[in-house]
Number of protein chains: 2
Amino acid sequence: MVRVRAPILHRRRLARQDPQGAPKPTVIDVAQKAGVSSATVSRVLNGKASVTAETRELVLGAVRKLGFHPNTMAQGLRKGQSNTIALLVGDIEQTHFSSLTNHIQSTLEQSGVDLLLYNLGHSEDRLINFLPRAVTMRLKGVVLALSDDVSKAVLPLLDHLRENGLLVVAVGQNLNRYKIPSIVHEERAAAHTAVRYLLSQERRKIAYVGRIKGSSVGTERFRGYKAALSQPSDLFDPNLVWDVAFRYAAGRDAVARALQQGLHFDGIQAGSDELAMGALAALYDRGLNVPKDVAVIGFGGLEMGAYTCPSLTSMSSHPDIAAEHLRAILRGVDRGEAPLALTTVQRKLIRRQSA
Amino acid sequence: MVRVRAPILHRRRLARQDPQGAPKPTVIDVAQKAGVSSATVSRVLNGKASVTAETRELVLGAVRKLGFHPNTMAQGLRKGQSNTIALLVGDIEQTHFSSLTNHIQSTLEQSGVDLLLYNLGHSEDRLINFLPRAVTMRLKGVVLALSDDVSKAVLPLLDHLRENGLLVVAVGQNLNRYKIPSIVHEERAAAHTAVRYLLSQERRKIAYVGRIKGSSVGTERFRGYKAALSQPSDLFDPNLVWDVAFRYAAGRDAVARALQQGLHFDGIQAGSDELAMGALAALYDRGLNVPKDVAVIGFGGLEMGAYTCPSLTSMSSHPDIAAEHLRAILRGVDRGEAPLALTTVQRKLIRRQSA
DNA sequence: CTGAAAGCGCTTACAG
DNA sequence: CTGAAAGCGCTTACAG
């Protein structure tokens, strides 16, 4: 038998603040309809064990009938934390980042977490500007998907986040030196693999084009490249190293300049697929044949690479796996586990016609 | 003379809910330090006119000293509305959308609005799934940047949003039939311009590759194409119309198939730069010369198009301008103005080597 | 297992 | 111009 109690109201409601908004049902409305207290409604909604199956059904029925959805902001205020995580992304317009964003969004969604997007556009000022706000918004955490190395200026900000109980995770860049758990692709071994592949095709003058200084990821790739060229015999030539931005134009310009200077090379290892595509354009402009005259390997395994002329050999990227690792960290943290300091995702050689 | 009052506390504070979080200063702390009431602090923070310059300075000083930042969720709860807008985006991995996202994020930021990102991945189910949540989150509004037409199933959801005072705006797609203010690029005239350009170069057999059915944008482009071919003389040939998805692979496959079938054409108008790039790949694979044998024009003006081989002629896109229009709508709505039903952004021909 | 009560941190009529 | 008070819609010790 279901006991029927008098409706319980804990508070008189204010006149609507928002004149245009239709009145939305609250826990109190649900409680009233179900003949229980708002506390019980809350317990049911939050899956607390200590509720009778009978009561639970009563509440759930009322929730359904009223089309009730809890007010996220009230929950957040009360719990002292929101349910959203900010993604700070180096440059959302680069495929690598937009792809990562896609997977992170869907992965967080599966954990019931909302994603606040903040695009940095390669600006550390913007990063520094955002970080304190993360605290005032009582975010659950912050995911850093940066393109550039961060200066020490952000360190205290990061500490501030942690002191306030925000989760901070880096994706795509190793920020362990700031005590931030990081999910990265292995870069050095990948570049090593790529260059060895060029070597296996009798290429002997292999250039490197891509950002090195100021980019830990770029530095790692360059090291892998250098190691591969240094090992059996010394094929490394500093004149064939072009430290330029991760951009189409930089790739094209660097290669065009080298060609103009009369430098000889029969292979190019690029730091990204965009750079590789720029390189392809420069070679094309000069009437050179890829891969006959020059073989090219990119980094990132972008879909686009399958449609360049010729299609682009590249080291794969796995934003889906990275996002999955992020989710695992989140789950772990919810259970009170300390996250792994470093998680590494392997890249693979995607063989296509350019090499 | 500044009157010094006894500190005014409106409420005892609870023991911290969040054990790890350092206690964050509240309006009450600020009020105490400034010797005013929390109401006055709030007034200063919200820029209400009715505050003495003297008092204002006092409060601002206290804010600075304490490093106070208002709790966004408390504000939102009280005001009945958050300060965030959701961007529902067709597919963040497509450059067109990621670029739009970039500009919308920075534009909203300038208005002090946060961006919640929700990627649809072309799924209407996901759209239908999200919309009710927008209400429970008390979002300020929702920006729809969709790729596909929406079915009537979303109509009641959209109404639900509006009934609850949420702003709904469409970007990149005309949703006026659902009474949604829309910011769009003009498509038909743009396609017309592009095809006329091909015509001006003595191309006579011009194909169209790209999504038509199910995409209002695609339909518009196709109409422009058709009109340009129909007008002076009738050059329109249904066999040269390939209604395929907005994807690299679709572009390549459609062109490869046509070539294999022995169809003749000397120009291709593509519905997007990705499709155009796919087409380029198919022509390259067949050993055809672009633009000598076949000229190609894309849509979108992507940076990438400058680095294809040869570089891609395209109709430009202006996400920055679209975002600026969005901001204007926001500002207007804040002032109580009704937004323009339709805002149109012009495209321009970007001449490059492929045509 | 469930209610009554308190309070999260703001803002805004209501007075004066 | 400014304070005292109430309340936004939840959740969680505290009792029983």
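Everything below is about the structure shown above.
Residues numbered from 1 in each chain as written. Chains lettered and ligands numbered in written order. Predicted model: local features only at pLDDT ≥ 70, side-chain atom pairs only at ≥ 80, totals over all residues.

Draft legend 1. Highlighting the overall build of chain A. Helix and strand counts for chain A stand at 12 helices and 12 strands. For 355 residues, the compact-globule estimate of 2.2 N^0.38 gives 20 Å, and the C-alpha radius of gyration of chain A, at 27 Å, exceeds that figure by more than 25%. Structurally, chain A occupies a C-alpha span of about 90 × 40 × 40 Å along its principal axes. Looking at chain A as a whole, 50% of its 355 residues qualify as buried. (Helix = DSSP H or I, 4+ residues; strand = E, 2+ residues; numbered from the N terminus. Rg over C-alpha atoms; globule rule 2.2 N^0.38 Å. Buried ≥ 20, exposed ≤ 12 C-beta atoms within 10 Å, placed from the backbone.)

Draft legend 2. Molecular detail of the relation of the copies chain B and chain A. The two copies are related by a screw operation: chain B maps onto chain A through 180 degrees of rotation and 0.1 Å of translation along the axis, at an RMSD of 0.1 Å. What the superposition gives is, in effect, a two-fold axis relating one chain to the other. The rotation axis passes nearest to the C-alpha of Leu-116 of chain B in chain B, at a distance of 2.3 Å. A shared interface surface links the copies, since 100% of the contact residues of chain B are contact residues in chain A too. (Least-squares fit on C-alpha atoms with pLDDT ≥ 70 in both. Contact = placed C-beta atoms within 7 Å.)

Draft legend 3. How the structure looks around the sheet that holds strand E6 (residues 206–209) of chain B. Residues and elements named next belong to chain B. The six strands lie next to each other as E7-E6-E8-E9-E10-E12, forming an open sheet whose pairing is mixed. Sheet topology places strand E7 (241–242) and strand E12 (349–350) at the edges, where each strand pairs with a single neighbour. Alignment of E6 against E7, held across two bridges, turns out to be parallel. Residue pairing for E7: Tyr-208 is matched across the bridge by Val-241. Taken strand by strand, helix H11 (residues 273–285) contacts E6, strand E8 (267–270), strand E9 (295–300) and strand E10 (313–316), and its axis lies near 155 degrees from that of E9. (Pairing = 2+ DSSP bridges. Axes fitted to C-alpha atoms, helices over the stretch in contact; angles between N-to-C directions.)

Draft legend 4. Broad picture of the interface of chain B and chain A. On the chain A side, the residues contacting the 50 residues of chain B number 51 residues. Going through the elements one at a time, helix H4 (72–79), helix H5 (95–110), strand E2 (114–119), helix H6 (124–136), helix H10 (248–260) and H11 of chain B are the ones with two or more residues in the side of chain B that touches chain A. A class-by-class count of the residues in the side of chain B that touches chain A yields 21 nonpolar, 21 polar and eight charged. (Nonpolar A, V, L, I, M, F, W, Y, C, P; charged D, E, K, R; others polar.)

Draft legend 5. Local environment of the environment of Arg-188 of chain B. All names here are of chain B. Summarising the element assignment, Arg-188 is placed in helix H8 (residues 188–200). Residues Arg-188 and Tyr-225, 37 residues apart in the sequence, show an inter-C-alpha distance of 7.5 Å. With sequence-adjacent residues up to four places away left out, Arg-188 is seen in contact with Glu-220, Arg-223 and Gly-224.

Draft legend 6. Spatial organisation of the sheet that holds strand E10 (residues 313–315) of chain A. All names here are of chain A. Taken in spatial order, the six strands make up an open sheet running E7-E6-E8-E9-E10-E12, and their pairing is mixed. On the outer flanks of this sheet lie strand E7 (241–242) and strand E12 (349–350), each paired with one strand and no other. Pairing of strand E6 (residues 206–209) with strand E8 (residues 267–270), which is carried by four bridges, proceeds in the parallel orientation. Bridge pairing in E8 places Ala-207 opposite Ile-268. Lying on the sheet, helix H10 (residues 248–260) is in contact with E6, E7 and E8; it crosses E6 at an angle near 140 degrees.

Draft legend 7. Structural context of the packing of H10 of chain B against H11 of chain B. All names here are of chain B. Where H10 contacts H11, the axes come no closer than 6 Å and their chain directions differ by 40 degrees. Overall, the two elements H10 and H11 adopt an arrangement that is oblique. For the element pair H10 and H11, the recorded crossing hand is right-handed. Contacts between H10 and H11 involve Tyr-248, Ala-249, Ala-250, Gly-251, Arg-252, Val-255, Ala-256 and Leu-259 on the former and, on the latter, Glu-274, Leu-275, Ala-276, Met-277, Gly-278, Ala-279, Ala-281, Ala-282, Leu-283 and Asp-285. Residues of the contact of H10 with H11, tallied by class, amount to 13 nonpolar, two polar and three charged. (Parallel < 35°, antiparallel > 145°, perpendicular 65-115°, else oblique. Left-handed = near helix turned anticlockwise from the far one by under 90°.)

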